[in-house]
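# An overview of the molecular structure
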Amino acid sequence: KIEPSAFSTGATVDLLIRDMEALFAARFARGDKKKALARLRGGAKHTSHHFSTFRTGMFIGLAVPALADGLYRSES
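Once a new chain begins, its residue numbering starts again from 1 and follows that chain's sequence as written. Per-residue local features of the predicted model are confined to residues with pLDDT of at least 70, and side-chain atom pairs are confined, for both listing and counting, to 80 or more; whole-chain, interface and lining totals are unaffected and use all residues. Computation of side-chain values: all heavy atoms of the structure, hydrogens and water removed.

Further remarks concern a nonpolar patch on the surface. On the surface, a cluster of nonpolar side chains totalling about 590 Å² of accessible area is made up of Phe-51, Phe-54, Met-58, Phe-59 and Leu-62. Each helix corresponds to a stretch of at least 4 residues labelled H or I by DSSP, and each strand to a stretch of at least 2 residues labelled E; elements are numbered beginning at the N terminus. With respect to the helices and strands, Phe-59 occurs in helix α3 (residues 50-75). Given a relative accessible area of 54%, Phe-59 falls into the exposed group. Residues form patches when they are more than 30% accessible in relative terms and have no salt bridge. Like charges link within 9 Å. Nonpolar side chains (Val, Leu, Ile, Met, Phe, Trp, Tyr) link within 5 Å. For accessible areas, the Shrake-Rupley method is used with a probe of radius 1.4 Å. Any residue's cover is judged against the shown protein chains and nothing else. The term salt bridge refers to a pairing of a side-chain nitrogen on Lys or Arg with a carboxyl oxygen on Asp or Glu at a separation within 4 Å. Type-normalised accessible area, obtained with a 1.4 Å probe on protein chains alone, sets the label of each residue: buried when under 20%, exposed when over 50%, and partly exposed for intermediate values.

See the structure below:
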């Protein structure tokens, strides 16, 4: 948490934030301030890595036995 201080609060900072929100809404949200604020202040999107974890485990699970079998057969 950030401690309140002179440079993070005040009328000047509030004015800058409102101006930036209005500029973002005008340029990137076609003037829709509600949509612009949702994009600006929206939290980070939660992404899932289940498929990549499954795919990596599958490849390693198939590669290690194949490598062990190849080494075993090359010794014989």
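We now examine the confidence of the model for the chain. Every residue carries a pLDDT, the predictor's confidence in it, which falls somewhere between 0 and 100. Taken residue by residue, the chain gives an average pLDDT of 86. The fraction at 70 or more is 89%. Within the chain, α3 carries the highest mean pLDDT (95), whereas helix α2 (residues 33-41) carries the lowest (87).

Here we take up a positive patch on the surface. There is a patch of like positive charges on the surface, built from Arg-30, Lys-35, Arg-39 and Lys-45. Relative to the helices and strands, Arg-30 is located in the loop between α1 (11-28) and α2. Residues scored as charged are limited to Lys and Arg (positive) and Asp and Glu (negative), so that His and the chain ends carry no count. A charge is said to be at NZ when it belongs to Lys, at CZ for Arg, at CG for Asp and at CD for Glu.

Turning to the pattern of salt bridges, a few remarks are in order. According to the stated counting rule, one finds two salt bridges in the structure shown. Here Arg-41 makes a salt bridge to Glu-21, at a shortest N to O gap of 2.2 Å. Linking Arg-41 in helix α2 with Glu-21 in helix α1, this pair joins segments that are 20 residues apart in sequence. A residue is classified by how much of its surface remains accessible, and Glu-21, at 8% relative accessible area, is buried. Two residues, Asp-69 and Arg-73, come together in a salt bridge whose shortest N-O distance is 3.0 Å. Placement of the pair is Asp-69 and Arg-73 together in helix α3, with a separation of four residues, close to one helical turn. Looking at Asp-69, the relative accessible area reads 33%, which means it is partly exposed.

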